[in-house]
Amino acid sequence: MADKGIKRFDELNIARLSLISVQERIPANYRDWSVELEDGDRRYRVTCQALPEYGVPHGIDTDISAALVNLYIDQGSPADGAVTCTPYQLLQMAGLDTSGRYYTSLDESLKRLTTTTYFISEGWRDHPRGRWTNVNFRYIDRIEFTSGQAEKLDASSVLRITLPQEISRSVRAGYIKSLDLSFMQTLKRPPTRALYRLLDAQRRDPENPDAVAMAYQVGLMEWAEACKIVTDRPSMAQRTLDAAHEELIEKGFLKNVEYLGRGKKKMLQYTFGEAFIPPDPALLQELADLGVTQTRALQLVREHGEQTVDDAVVRCKAILAAGYKPRSKPAFFVDVLKNPGKYQLPEGVAEPQKPAVKGQGGKARGSGQPSLFEAPLRASEEEADTEAVLLSLPREKQVEEVMRTLTFLLRNDLKLQELDLLRLTLDEGLEDPLEIKAWAIKGISSGQKSAVVRDLRARLSLNEQAMKDQPAPPAKATTRPAR
């Protein structure tokens, strides 16, 4: 339900620089690394320094880091770089298990991302200005959370995570690419997901991100450095990568992986699967206009081919323009796509004109970079279905979904402790989650947001008074100091 109508992205600098090791486990003393790499005539250096007790980012950190960028985008890409969410929402966005066993792993991941510092020399792209720059930052600049126990993250916590300005500014500037998060989440192991994310970024021209290559060649030991694999032996580097290669070939992202040469001069030749050629962004936008989610759009393009989907869009829009009103536009489009002979264009109705240029490769398609400024909660004809699904969920799932909505709507109006008290109120059954969601949305949509916030604070105050006799009062927020 969280995926409906929401596009997923990756910030290109993060994805290309591979700031997180592809290794699932790291040596106990792996607390820093430094690599110097080439990109054409340009050489750049990336250095990572972590605290000994946490080690360098690795494993599920790639999933958490991608999830943070997408939550930031979903919440409107605020200038202060802040993301407000629950651990459940963060794990859900990352595609990780939300039943409980990953909460400790999430806590450890956030600690690593907060205490690790990166230094990048001539490797960070300031895309609006067309230049390469030097930067240093922590992936998480600041983290604040509520908790029943001091310094311990738990399932009922509310998080406020601030991304560094380097990342948030780049995202707002649009230096991003589409990320098939649904496909990434089908990959079984963190190393495969990290390698997929890196390869999907490396196949793009950093100065013209719409240009996508179908092959990529790199030295094996240079690639091991880029992936932060701790070894100076080509055979060990190859063994570490082979399992991920096998899964990516099995899933169709890679068509072939070939090793050329011997020893430390061995080269890696990647050939990408044709099914993973990114569709034209203009076509994805047309599908979004019909209410088709990006995940579903990518699936339809892979199953039926871009031209067939394009033809179905033209036919569908012509029928709609003639006045036909389907119950669900996305379902109607899929029916038109799968049964082209079932629907004839109305007599006298011209087919809608296509955009002037849908892009003949990279630079001609400059405006094809995904836009961040679409309303993240855009209404669609699927909303009634969404509410029906929400009503059928167990209460704890309803609470999570309602908190996701209210956190987005009120994150700038309520303090972290107030959001935490709202969560506790819902958990304790003092408020009905569906009722309070409907009440809040109705008030906000009618321009009465300040009244909603005022009345909600009054309700929370009464609920807090009612819970005072309970042994565990609402927790205080804990701020982890910057290291």
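On a predicted model such as this, the values are computed, not experimentally measured, just so you know.

Thresholds, definitions, all that
Residues numbered from 1 in each chain as written. Predicted model: local features only at pLDDT ≥ 70, side-chain atom pairs only at ≥ 80, totals over all residues. Heavy atoms only, no water. Pairing = 2+ DSSP bridges. Helix = DSSP H or I, 4+ residues; strand = E, 2+ residues; numbered from the N terminus. Salt bridge = Lys/Arg side-chain N within 4 Å of Asp/Glu carboxyl O. Buried < 20%, exposed > 50% of the residue type's maximum accessible area, 1.4 Å probe, protein only. Contact = heavy atoms within 4.5 Å. Axes fitted to C-alpha atoms, helices over the stretch in contact; angles between N-to-C directions. Core = buried A, V, L, I, M, F, W, Y, C linked by side-chain atoms within 4.5 Å. Expected span 1.5 Å × (residues − 1). Phe/Tyr/Trp six-rings, centres within 6.5 Å; stacked < 30°, edge-to-face > 60°.

### Comments concerning the pairing of strand 11 (residues 208-212)
And step 1. One ladder, built from two bridges, connects strand 10 (residues 204-205) with strand 11; its direction is antiparallel. Within the sheet, the bridge partner assigned to Arg204 lies in strand 11 and is Val212.
And step 2. Here strand 10 hands over to strand 11 after two residues, the two strands then running antiparallel side by side.

### Here we look at the pairing of strand 2 (residues 32-39)
And step 1. The pairing of strand 2 with strand 3 (residues 42-49) spans eight bridges and is classified as antiparallel. Bridge pairing in strand 3 links Asp39 to Arg42.
And step 2. Between strand 2 and strand 3, which follow one another and run antiparallel, lie two residues, and Gly40 among them has a positive phi close to 70 degrees.

### Some thoughts on the pattern of salt bridges
And step 1. Applying the stated criterion across every chain, the model contains 23 salt bridges.
And step 2. With its nearest N and O atoms 3.0 Å apart, the salt bridge here joins Asp39 to Arg16. With Asp39 in strand 2 and Arg16 in helix 1 (residues 12-17), this pair connects stretches of sequence that are 23 residues apart.
And step 3. For Arg454, the salt bridge is made with Asp455, and the minimal N-O distance between the two is 3.8 Å.
And step 4. Salt bridges here are not isolated pairs; linked through shared partners, they connect Glu36, Glu38, Arg43 and Arg45.

### Things to note about unusual backbone geometry
The bulk of non-glycine residues show a negative phi, and the bulk of peptide bonds are trans.
And step 1. Its identity as a non-glycine residue notwithstanding, Ser18 has a phi of 50 degrees, on the positive side.
And step 2. One can find Ser18 in the loop between helix 1 and strand 2.
And step 3. We classify Ser18 as buried; its relative accessible area is 7%.
And step 4. You will see that Lys228, though not glycine, has its phi angle at about 60 degrees, which is positive.
And step 5. According to the relative accessible area criterion, Lys228 is buried, its value standing at 2%.

### A look at the environment of Ala79
And step 1. Structurally, Ala79 is set in the loop between helix 2 (61-74) and strand 4 (82-85).
And step 2. Ignoring anything within four residues of it in the chain, the contact list for Ala79 reads Gln165 and Arg172.

### A word on the sheet that holds strand 2
And step 1. The strand order across the open sheet built from four strands is 2-3-5-6, with neighbouring strands paired in antiparallel fashion. Each end of this open sheet is capped by a strand with a single partner; those strands are strand 2 and strand 6 (131-138). The sheet shows a mean angle of 20 degrees between the axes of neighbouring strands, taken without regard to direction.
And step 2. Against the sheet, helix 5 (residues 165-172) engages strand 5 (117-126) and strand 6, with an angle of about 135 degrees to strand 6.

### Examining the nonpolar core
And step 1. One finds Ile64, Leu90, Leu110, Leu199 and Trp223 to be the most contacted residues of the largest nonpolar core, which totals 82 residues.
And step 2. The element contributing the most residues to this core is helix 2, with eight residues.
And step 3. Sequence-distant contacts of Leu199, defined by excluding residues within four places in its chain, comprise Tyr216, Trp223, Leu248, Phe253, Leu254, Tyr270 and Phe272.
And step 4. Listed in part, the 23 residues of the second largest apolar core include Val158, Leu409, Leu434 and Met467.

### Notes on the sheet that holds strand 14 (residues 267-272)
And step 1. Taken together, the three strands give an open sheet; going across it, the order is 12-14-13, and neighbouring strands pair in antiparallel fashion. Among the strands making up the open sheet, the edge pair consists of strand 12 (215-219) and strand 13 (254-260). Neighbour-to-neighbour, the strand axes of this sheet turn through a mean angle of 15 degrees, independent of strand direction.
And step 2. Pairing of strand 12 with strand 14 involves five bridges; the strand directions are antiparallel. By the bridge assignment, Gly219 is partnered in strand 14 with Met267.
And step 3. Sheet strands in contact with helix 7 (residues 190-202) are strand 12, strand 13 and strand 14, and its direction is about 80 degrees off that of strand 14.

### Some words on helix 17 (residues 433-445)
And step 1. Taking 1.5 Å of rise per residue, the 13 residues of helix 17 would be expected to cover 18 Å, and the 18 Å separating its terminal C-alpha atoms lies within 8% of that figure.
And step 2. Within helix 17, the full set of buried residues consists of Pro433, Leu434, Ile436, Lys437, Ala440 and Gly443.
And step 3. Looking one or two residues beyond helix 17, the residue adopting positive phi is Gly447, at roughly 85 degrees.

### With respect to the packing of aromatic side chains
And step 1. Summed over all chains, the structure comprises ten aromatic pairs.
And step 2. Arranged with centres 5.3 Å apart and planes meeting at 70 degrees, the rings of Trp124 and Phe137 form a pair that is edge-to-face. Here Trp124 is found in strand 5, whereas its partner Phe137 is found in strand 6, with 13 residues between them in sequence. Just as Trp124 is buried, Phe137 falls in that class too.
And step 3. With 5.1 Å between their ring centres and 65 degrees between their planes, Phe183 and Tyr196 make a pair best called edge-to-face. With Phe183 in helix 6 (residues 181-184) and Tyr196 in helix 7, this pair connects stretches of sequence that are 13 residues apart.

### Overview of helix 4 (residues 103-115)
And step 1. The end-to-end C-alpha separation of helix 4 is 18 Å, in line with the 18 Å expected for 13 residues at 1.5 Å each.
And step 2. Along helix 4, the residues that are buried comprise Tyr103, Leu106, Asp107, Ser109, Leu110, Arg112, Leu113, Thr114 and Thr115.

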